[in-house]
Amino acid sequence: QVQLVESGGGLVQPGGSLRLSCTASRINFNVYDMGWYRQAPGKQRELVASITRGGTTNFADSVKGRFTISRDNSKNTVYLQMNNLKFEDTAVYYCNGRWLRSDYWGQGTQVTVSS
């Protein structure tokens with residue numbers, strides 16, 4: 001079945017950086033719009049960043065200027081580069097892929113920003 005597998009999460013100090021990766025299998029990755037969402041304890045899942053199949057990007061206001069999103073269609077992978085991380089970036093980060101009525105999620109990867 002379709003799989004989205006995230007990696008790259010971990011523990012980082014404030015001001016540090018992490019790069020998340022999400023590799024998709026068993027989908028025609030090129031046609032999918034991809035996104036990264038996050039969910040902190042006690043909060044709703046929120047969109048962090050997205051990239052369309054054409055490469056148009058969108059970011060939550062809280063991460064603009066700090067996070068970038070990119071995709072490598074040859075590797076079926078979408079990336080989230082996170083710089084200048086803050087305590088409030090702590091959350092489980094989920095990868096999402098959408099095309100027409102197809103909507104897939106990864107299992108999530110934990111990002112913890114702590115000193």
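Here the structure is shown first, and the text comes after it.
1. Topic: the packing of aromatic side chains
Scanning all chains against the criterion turns up three aromatic pairs. Ring centres 6.2 Å apart and planes at 35° place the aromatic pair Tyr32 and Tyr104 in the tilted group. Taken together, the positions of Tyr32 in the loop between β3 (18-25) and β4 (33-39) and Tyr104 in strand β10 (residues 102-105) put the pair 72 residues apart, joining distant regions of the chain. Put simply, the rings of Tyr32, Trp99 and Tyr104 pair up and form one aromatic cluster. The ring of Tyr94 has Arg45 lying over it, and the distance from NZ or CZ to the ring centre is 3.7 Å.

2. What to know about the state of the cysteines
Summed over all chains, the structure comprises one disulfide. Covalent S-S linkage joins Cys22 and Cys95, the inter-sulfur distance amounting to 2.1 Å. On the sign convention where negative means left-handed, the S-S torsion of about -80° between Cys22 and Cys95 marks this disulfide as left-handed. Of this pair, Cys22 sits in strand β3 while Cys95 sits in strand β9 (residues 91-99), placing them 73 residues apart in sequence. Summarising the burial analysis for this pair, Cys22 and Cys95 share the class buried.

3. Here's the deal with the pairing of strand β7 (residues 67-72)
Here β7 shows a clear split, with Phe67, Ile69 and Arg71 buried on one side and none of Thr68, Ser70 and Asp72 buried on the other. Pairing of β7 with strand β8 (residues 77-82) involves six bridges; the strand directions are antiparallel. Bridge pairing links Thr68 to Gln81 in β8. The turn linking β7 back onto β8 is made up of four residues, and Asn76 within it adopts a positive phi angle of 55°.

4. Here we look at the sheet that holds β7
With respect to topology, four strands assemble into an open sheet ordered β1-β3-β8-β7, the strand pairing being antiparallel. Edge positions in the sheet fall to β1 (3-7) and β7, since each has one partner strand and no second. Each strand of the sheet is rotated relative to its neighbour by a mean of 15°, with strand direction disregarded. As paired strands, β3 and β8 are joined by six bridges and run antiparallel to one another. Directly across from Leu20, in β8, lies its bridge partner Leu80.

5. Side note on the pairing of β4
Of all seven residues making up β4, five are buried, and the element is well covered by its neighbours. As paired elements, β4 and β9 share seven bridges and run antiparallel to each other. Bridging from a neighbouring strand, Gly35 pairs with Asn96 of β9. The hairpin formed by β4 and strand β5 (residues 46-51) contains six residues between the paired strands, and Gly42 there has a positive phi angle of roughly 80°.

Calculation criteria
Residues numbered from 1 in each chain as written. Predicted model: local features only at pLDDT ≥ 70, side-chain atom pairs only at ≥ 80, totals over all residues. Heavy atoms only, no water. Phe/Tyr/Trp six-rings, centres within 6.5 Å; stacked < 30°, edge-to-face > 60°. Helix = DSSP H or I, 4+ residues; strand = E, 2+ residues; numbered from the N terminus. Lys NZ or Arg CZ within 6 Å of the ring centre and 35° of its normal. Disulfide = S-S within 2.5 Å. Buried < 20%, exposed > 50% of the residue type's maximum accessible area, 1.4 Å probe, protein only. Pairing = 2+ DSSP bridges. Axes fitted to C-alpha atoms, helices over the stretch in contact; angles between N-to-C directions.

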